[in-house]
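# Topology and contacts: notes
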Amino acid sequence: MWEVTAGDAAGTERLGELLGGLVRPGDVILLSGDLGAGKTTFTRGLARGAGVAEPVTSPTFTLLHEYAGRLPVYHFDLYRWPPGEDPAELGLPEYLYGDGVTVVEWPALLGRWTPEAYLGIDLRFAPAGRLLAVRGVGERGSILEEAFREAAGAAGTPAGTVRRGGGAGC
Ligand SMILES: Nc1ncnc2c1ncn2[C@@H]1O[C@H](COP(=O)(O)OP(=O)(O)OP(=O)(O)O)[C@@H](O)[C@H]1O
Ligand SMILES: [Mg+2]
């Protein structure tokens, strides 16, 4: 696990963009954090980094938006998904193991569909913007965690380098 601070929305987006340059078909990114923590902002950057040209908006009411980039980007927001309802009804398993990258806001609602491998990013309000905690689960999750850490570190900011267990950044 490593952490990075995003000083403003552009910083959150920039971090997402860096990750968007690293994702591959079948990757799953789970974005947790309170209302307004920056999940959609991060996804906007991720989509751009994955080559999506069109604007990314919140799928809060539609639950899913699909974008075409260098790979498909599937953006789920499960906030309004009724607890207890099976996300499989959204076709979620097919997306998760499909040909694109799947990004999920409010991933606690995935329940038994939570994949074995994913990159989890928890966004929190911080005095200087937002604190993002990045944790990879499973083999591909660990690879993405490390690759994202390197990319964020290489992108560097005057605030300092990205460190494990707490640091500053974009
Ligand atoms: N690092 C940051 N510092 C300050 N503001 C930020 C930062 N990142 C994002 N924001 C702002 O926070 C607000 C909420 O962002 P966003 O809609 O992405 O949150 P969300 O987690 O998707 O919310 P929801 O839970 O409603 O889906 C936006 O106005 C966005 O510009
Ligand atoms: Mg959102």
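For the structure itself, look to the data block above.
Our subject in this report is the structure included herewith. Computed from a prediction, not measured in an experiment: that's the story for all the values here.

### Describing the environment of G120
Take G120: it is sitting in strand β6 (residues 118–126). Given 20 C-beta atoms within a 10 Å radius, G120 is considered buried. On a C-alpha basis, the gap between G120 and M1 in space is 9.5 Å, while along the polypeptide they are 119 residues apart. When neighbours within four sequence positions are excluded, G120 is seen to be in contact with L30, S32, R135 and V137.

### Considerations on unusual backbone geometry
In this model, L63 sits at a positive phi of 70°, which is unusual for a non-glycine residue. As for its position among the elements, L63 is in the loop between α2 (39–49) and β3 (64–68). With a phi close to 60°, W106 is a non-glycine residue in the positive phi region. Mapping W106 onto the fold places it in the loop between β5 (101–105) and β6.

### Some points on the site of ligand 1
Contacts to ligand 1 come from 18 residues, most closely from A9, K39, T40, T41 and G129. For the shell around ligand 1, the secondary structure elements donating two or more residues are α1 (9–20), α2 and β7 (129–137). For the shell around ligand 1, the class distribution of residues is four nonpolar, 10 polar and four charged.

### Some words on the packing of α1 against helix α4 (residues 138–155)
At a minimum axis distance of 9 Å, the contact between α1 and α4 shows a crossing angle of 130°. Here α4 runs oblique to α1, going by the angle between their axes. In the packing of α1 onto α4, the handedness of the crossing is right-handed. Touching L15, L18 and L19 of α1 are F148, A151, A152 and A155, all from α4. Across the contact of α1 with α4, the residue classes tally to seven nonpolar, no polar and no charged.

So, how was this worked out
Residues numbered from 1 in each chain as written. Chains lettered and ligands numbered in written order. Predicted model: local features only at pLDDT ≥ 70, side-chain atom pairs only at ≥ 80, totals over all residues. Helix = DSSP H or I, 4+ residues; strand = E, 2+ residues; numbered from the N terminus. Buried ≥ 20, exposed ≤ 12 C-beta atoms within 10 Å, placed from the backbone. Contact = placed C-beta atoms within 7 Å. Near = placed C-beta within 6 Å. Nonpolar A, V, L, I, M, F, W, Y, C, P; charged D, E, K, R; others polar. Axes fitted to C-alpha atoms, helices over the stretch in contact; angles between N-to-C directions. Parallel < 35°, antiparallel > 145°, perpendicular 65-115°, else oblique. Left-handed = near helix turned anticlockwise from the far one by under 90°.

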